[in-house]
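The primary structure of each chain is shown beneath.
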Amino acid sequence: MRIFIFLFCATLFSFGPVRSQNAEIKIAEDQIVTVDTVFKMIKEQASDFMFIYPKNLFASYPKVHLQKGSIKLDKLLHLALSGGNVDITLTDDNIIIIKEKVEVKKEKAVRKRKNEAIAIRGRVIDADQNPLSYVNVIVRDLNIGTFTNMDGEFSLELPHTNFELELSLIGFKTEKVDISTLPDLSNVVITLKEDLLNLDEIVVTAKKTVSREGTSTYKIGSQAIKQVQAMNLSDVLSLLPGNKIEATDLTSTKQANLRSATASKVNAFGTAIILDGAAISTDANMQAQNSGSLYGGKSVVAGGVDLRSVSLANVESVEVISGVASPKYGNISSGGILVKSKVGKSPYLVSANVSSTNYQASLAKGYELNKYGILNSDFSYAYSSGSPTERKLFYQSFNLGLRWKLPVFENLDWNHFTSIRINHSDDGNRHEPEEVYKNEADVKSTSYQATLSGNFKSSLLGKVDYNLNGSIVNQHSYYDTFVTNGPFPIIESLESGTYTTTFSPSTFNQTRDIKGRPVNLNARLDATQNLSLQNLDFNFETGLQYTFDDNTGSGRVATGNIAHTQDVVGSRSASFEKIPASKTFSAYHQTIIKRKAENSNQQLNLGLRYDNMLERYNLVSPRMSFSTKHNTITGRAAWGVSYKAPAMIQLYPGRSYIDYINYQYYAENPDERLAVVTTYIYQPTNEHLKPNYSDVKEIGFDWSPSFMNLNVTYFKKDLRRGINVTDELLLLPKALYEVVDAPAGQQPTVEPTGEVYNIPRTISVMKNNYYESTDGIEVTLNPERIKATNTEFNFRYSYLKSLVTDKGYNINKSAYVVGDNSVRYGVYENAMIEAVRSFGTLTLIQHIPSLRFVLTLSAELNFKENSKYIGASLYPFAYYDADGNYIEIPKENRADPEFADLKKDDNTYTTVGTPFYSNFNLQIRKETKQGHSFSFFAINAPWYNPTYDYLGNRATLNSKLSVGFNATILIHNKSNK
């Protein structure tokens with residue numbers, strides 16, 4: 001047996017054992033340490049004791065919870081050694097000999113004790129010893145929790161002590177306490193510190209966490225949100241591995257793009273945004289200018305949530321699930337973003353963000369209503385212009401939120417949460433006085449959302465959670481375009497047929513109105529039970545969910561002159577009210593099995609979800625993960641399947657209108673002008689569309705020695721059956737007309753000649769053609785903080801390679817002029833796109849607690865970013881002739897001169913890539929003693945703009961210098977001091 005001997009000089013305690021044992025040891029900060037570390041602390045502060053004990057004797061001992069301040073030596077030793085079963089011998093020479101006590105059937109005794117339920121009672125206070133009410137006290141391993149009463153008291157019943165308490169309250173730093181280290185479970189006193197910059201340690205970056213919500217989860221706390229001066233949810237996502245910090249531009253829509261080297265509406269559509277437990281649904285949004293192409297203008301149609309609509313005025317944290325989500329979350333195919341608002345007593349919080357093109361102000365307050373709970377309110381307003389020198393592009397929005405947390409029946413431990421949110425946005429481009437031609441757009445949206453949620457204990461079901469939320473959105477999109485290339489035949493027909501018409505003026509205004517009213521209802525009920533058997537802990541979660549999406553808006557209305565649009569398929573008036581609603585019923589279950597041993601622990605998550613989507617698809621989604629930890633190394637593996645239902649506009653896009661001219665005569669005399677026009681209506685039936693399918697696999701490891709924390713994850717995400725638009729050809733009969741009479745001052749009389757021939761027209765149809773496969777590596781590295789200077793370094797890196805395929809094909813008209821009888825249409829295979837992105841961010845964090853100051857300097861390293869086409873061909877594999885006949889072209893003949901008119905431009909498939917470049921960002925924040933905060937950021941701080949050659953032109957790699965300021969003021973009153 002190897003003996004460790006700690007020899008302590010008797011310089012400080014030289015008056016015998018009694019005085020030595022009554023000496024005090026100073027604890028610099030709250031910390032959880034091992035027994036060996038306690039002995040080292042005693043050694044550093046001197047003693048006349050000698051400790052003799054076997055190596056690794058305390059390896060399995062519970063850690064010791066030390067609070068900042070002073071503690072007597074004998075009490076410290078008792079605290080360190082009380083958690084185990086040892087024999088202690090004190091010799092006359094102050095030599096302490098510690099040996100393991102020999103006990104028969106020790107393991108069985110420990111297991112028996114572990115299976116006995118224990119009660120924990122405690123009190124939560126602040127630094128001034130004042131009780132803190134409504135503190136959330138959670139045991140995440142068991143998915144149970146409570147909150148403190150008006151006296152700061154709480155109580156919980158647990159199967160054993162091998163768990164961790166997590167305590168959180170608005171305005172305070174979250175505290176985690178290992179229950180096994182607590183000496184007295186009947187009187188636990190926990191102190192929460194205010195979450196201010198005078199703390200020794202703060203977190204201003206995204207932190208990889210272990211979460212019940214899913215694997216590869218990143219937590220972004222309030223300090224990190226403050227540091228980047230986030231105006232909306234898009235700014236927060238810049239803290240994830242592989243993402244850039246970019247200047248906020250509120251005049252363009254923002255959508256989430258998780259774990260993909262190329263942005264796509266399909267990927268964004270599959271990302272769930274969940275605000276305080278309520279999913280924000282865009283499934284019923286039908287604000288498309290052209291229903292055939294799903295072009296929505298400034299409105300996100302068949303895509304993800306517009307992140308600009310999620311205000312961060314009073315957000316406590318953002319949790320991003322980029323890996324395999326818990327089966328609790330459905331109707332997703334690309335992860336989830338969980339936004340948690342602040343709930344708790346707080347002073348008035350007035351905040352303002354200012355940059356060269358964006359302005360945002362917010363006001364928040366948390367009221368304590370005594371026995372009636374907590375009421376939080378927040379209001380924010382944002383305005384953005386396209387650039388500092390012009391006002392054409394604009395965006396403005398306001399958000400109002402009310403959240404009321406109420407303990408319903410104390411004897412049932414029932415907590416209820418009510419939330420009401422109102423959001424209004426106005427997005428568009430106005431007509432500038434100096435503009436010759438008018439081109440206006442105004443997209444307004446006002447949403448109302450209400451959530452009723454809570455939890456209570458049931459003797460039969462365990463912990464029961466419920467969530468009922470609903471939303472209604474009033475949408476109005478208005479487009480006013482000044483057309484200058486007339487005249488055109490006026491098209492007004494809403495039915496198929498041929499009719500006569502006249503011509504529009506050479507210039508005219510064309511307006512379009514789209515009025516939608518998406519409605520969403522979402523109800524979820526789940527129950528959680530726990531079971532402990534010997535050294536295994538089981539957690540069971542079972543739930544039911546129902547979602548309903550509909551659009552009760554009046555629809556699309558075209559006003560003014562509707563002009564002929566050449567050969568482009570157009571949209572006209574359409575009603576949304578008669579379109580069937582989208583419904584999904586779901587059931588899910590998850591079992592979490594945990595095993596803890598002396599130096600290792602394992603966790604197995606087994607989940608299954610069933611979805612009945614659109615009342616015709618029965619889908620099963622297995623999801624599972626496993627992790628094993630031995631000392632400082634953790635290995636992880638996960639796999640999961642998920643589905644995303646098609647949007648309503650994809651299932652029911654409405655009619656597409658094809659107009660073509662049979663005959664036209666444009667005379668100088670307007671009364672003599674005549675056009676004969678045929679309208680063909682294409683009504684798609686998209687019942688063939690299936691839900692998007694996603695398959696995610698990942699493996700990784702974490703290494704957390706005392707000097708660093710390293711996380712490495714490899715993943716493969718396959719997204720299949722994504723809904724995309726593809727070209728198809730229609731053959732339409734065109735009848736020729738001739739003039740039979742042409743009286744002066746009147747329209748000529750025309751009749752069909754009897755000659756009819758087919759003309760080809762391309763239309764866009766929706767199919768499950770989009771496939772994307774992404775391989776990626778994510779790395780986060782956090783070395784130990786340099787305590788002497790309170791300096792931290794953080795490195796996050798992401799490598800992504802995405803292969804994107806559209807399994808449809810595209811159709812292009814030949815190079816001949818319109819009207820030429822030899823015009824034909826080439827049919828081309830879509831090329832596969834390979835996109836690669838290798839990006840890292842090195843961040844220096846300099847924190848000076850005494851000055852309440854923090855500085856972050858981030859170096860963004862763009863190692864590689866390019867995309868290229870695989871299997872691309874400039875030549876068609878077939879074509880349609882002038883009569884619409886489909887003719888295949890042998891592979892060896894596709895490059896022949898006779899098909900030169902069908903060859904695509906040589907620059908159609910060009911590899912796009914950038915060389916290595918770097919970018920530096922600076923963020924500074926200072927707090928006052930009263931809690932006021934002032935911050936400054938500079939994106940591309942050195943104003944460095946390297947260039948590179950792109951298709952013969954010089955392109956800039958970095959954006960221009962962008963700076964911004966923030967001021968946050970706390971206004972206290974007597975009730976919240």
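Calculation criteria
Numbers given for residues are sequential positions, taken from 1 along each chain in its written order. In keeping with the model being predicted, local features are shown solely for residues with a pLDDT of at least 70 and side-chain atom pairs are shown and tallied solely at 80 or more, while totals for entire chains, interfaces and linings include all residues. Side-chain figures throughout are based on the complete set of non-hydrogen atoms in the structure, without hydrogens or water. Strands here mean DSSP runs of E at least two residues long; helices mean DSSP runs of H or I at least four residues long; both are numbered from the N terminus. The classification of residues rests on relative accessible area computed with a 1.4 Å probe and restricted to protein chains. Under 20% of the type maximum is buried, over 50% is exposed, and intermediate values are partly exposed. Only the protein chains shown count as cover for residues, and all accessible areas are computed by the Shrake-Rupley method using a 1.4 Å probe. Positive charges come from Lys and Arg, negative ones from Asp and Glu, while His and the chain ends are left out of the count. Think of each charge as sitting on NZ of Lys, CZ of Arg, CG of Asp or CD of Glu. By definition, two strands form a pair when at least two bridges between them are found by DSSP. For helices, the fitted line uses only the C-alpha atoms of the stretch in contact; every axis is such a line through C-alpha atoms, and the angle between N-to-C directions lies from 0 to 180 degrees. By definition, a salt bridge exists where a carboxyl oxygen of Asp or Glu is found within 4 Å of a side-chain nitrogen of Lys or Arg. The criterion used for residue contact is that any of the two residues' heavy atoms lie within 4.5 Å. In this text, buried Ala, Val, Leu, Ile, Met, Phe, Trp, Tyr and Cys residues form a nonpolar core when linked through side-chain atoms within 4.5 Å.

### Points about the overall build of the chain
Right, so step 1: Helix and strand content of the chain: eight helices and 55 strands.
Right, so step 2: Its C-alpha atoms put the chain at 130 × 65 × 60 Å along the principal axes.
Right, so step 3: Looking at the chain as a whole, 52% of its 977 residues qualify as buried.
Right, so step 4: Within the structure as shown, the chain displays about 44,800 Å² of accessible surface, and the carbon and sulfur contribution to it stands at 55%.
Right, so step 5: Taken as two groups, the 102 positive and 102 negative side-chain charges of the chain have centres that lie 7 Å from each other.

### Regarding unusual backbone geometry
Right, so step 1: Even without glycine at this site, Gln534 takes up a positive phi of about 50°.
Right, so step 2: With respect to the helices and strands, Gln534 occurs in the loop between β31 (518–533) and β32 (536–551).
Right, so step 3: Unusually for a residue other than glycine, Arg852 sits at a positive phi of about 55°.
Right, so step 4: Among the secondary structure elements, Arg852 is positioned in the loop between β46 (832–848) and β47 (853–870).

### What to know about the sheet that holds strand β20 (residues 315–321)
Right, so step 1: Strand order in this open sheet of six strands is β16-β17-β20-β21-β18-β19, and the pairing throughout is mixed. Taken across any chain shown, the strands that pair with only one partner, and hence form the sheet edges, are β16 (207–211) and β19 (278–279).

### What about the sheet that holds strand β14 (residues 175–178)?
Right, so step 1: Pairing is antiparallel in the open sheet, where four strands are placed in the order β11-β10-β13-β14. Looking at which strands have only one partner, the edges of the open sheet turn out to be β11 (144–147) and β14. The sheet shows a mean angle of 20° between the axes of neighbouring strands, taken without regard to direction.

### A few points about the pairing of β32
Right, so step 1: As defined by bridge partners, β31 adjoins β32 across 16 bridges and the pair is classed as antiparallel. The partner of Ala523 across the bridge, within β32, is Tyr546.
Right, so step 2: Between the antiparallel neighbours β31 and β32 lie two residues, among them Gln534 with a positive phi of about 50°.
Right, so step 3: One ladder, built from 14 bridges, connects β32 with strand β34 (residues 582–596); its direction is antiparallel. Looking at β34, one finds that Asp549 is bridged to Ser582.

### Examining the side chain of Glu927
Right, so step 1: For Glu927, the position within the fold is in strand β51 (residues 917–927).
Right, so step 2: Put simply, Glu927 is tucked away with no salt bridge, and the nearest opposite charge, on Arg925, sits 4.0 Å away.
Right, so step 3: When neighbours within four sequence positions are excluded, Glu927 is seen to be in contact with Leu196, Leu197, Leu851, Arg852, His932 and Ser933.

### Some words on the side chain of Thr791
Right, so step 1: Its place among the elements puts Thr791 in strand β43 (residues 791–806).
Right, so step 2: Once you skip the residues sitting within four places of it in the chain, Thr791 turns out to touch Arg785, Ile786, Leu844, Ile845 and Gln846.

### A look at the nonpolar core
Soluble, globular proteins show a tendency: their nonpolar side chains are buried together.
Right, so step 1: Within the largest apolar cluster, 28 residues are counted, with the highest numbers of intra-cluster contacts made by Met286, Met613, Tyr643 and Ile649.
Right, so step 2: Residue assignment for this core shows that the elements contributing at least two residues are β27 (439–458), β36 (617–630), β37 (633–644) and α8 (648–651).
Right, so step 3: Take this core: its biggest share by element is three residues, from α8.

### Describing the pairing of strand β28 (residues 462–483)
Right, so step 1: Pairing geometry for β27 and β28, over 20 bridges, is antiparallel. Bridge pairing links Asn455 to Asp465 in β28.
Right, so step 2: Connecting β27 to the next strand, β28, in antiparallel fashion are three residues.
Right, so step 3: In this sheet, β31 lies alongside β28 in antiparallel orientation, the contact comprising ten bridges. If you follow Ser471 over to β31, its bridge partner there is Asn520.

### Things to note about the pattern of salt bridges
Right, so step 1: Across all of its chains, the model carries 28 salt bridges by this definition.
Right, so step 2: The shortest N-O distance in the salt bridge between Glu865 and Lys244 comes to 3.7 Å. Remark: Lys244 occurs in the loop between α6 (233–236) and α7 (265–269) and Glu865 occurs in strand β47; sequence separation between them is 621 residues.
Right, so step 3: Exposure remark for Glu865: the relative accessible area of 25% places this residue in the partly exposed category.
Right, so step 4: The partner of Asp427 in a salt bridge is Lys298, and the shortest N-O contact between them spans 3.8 Å.

Worth remembering: the numbers are spatial, not functional.
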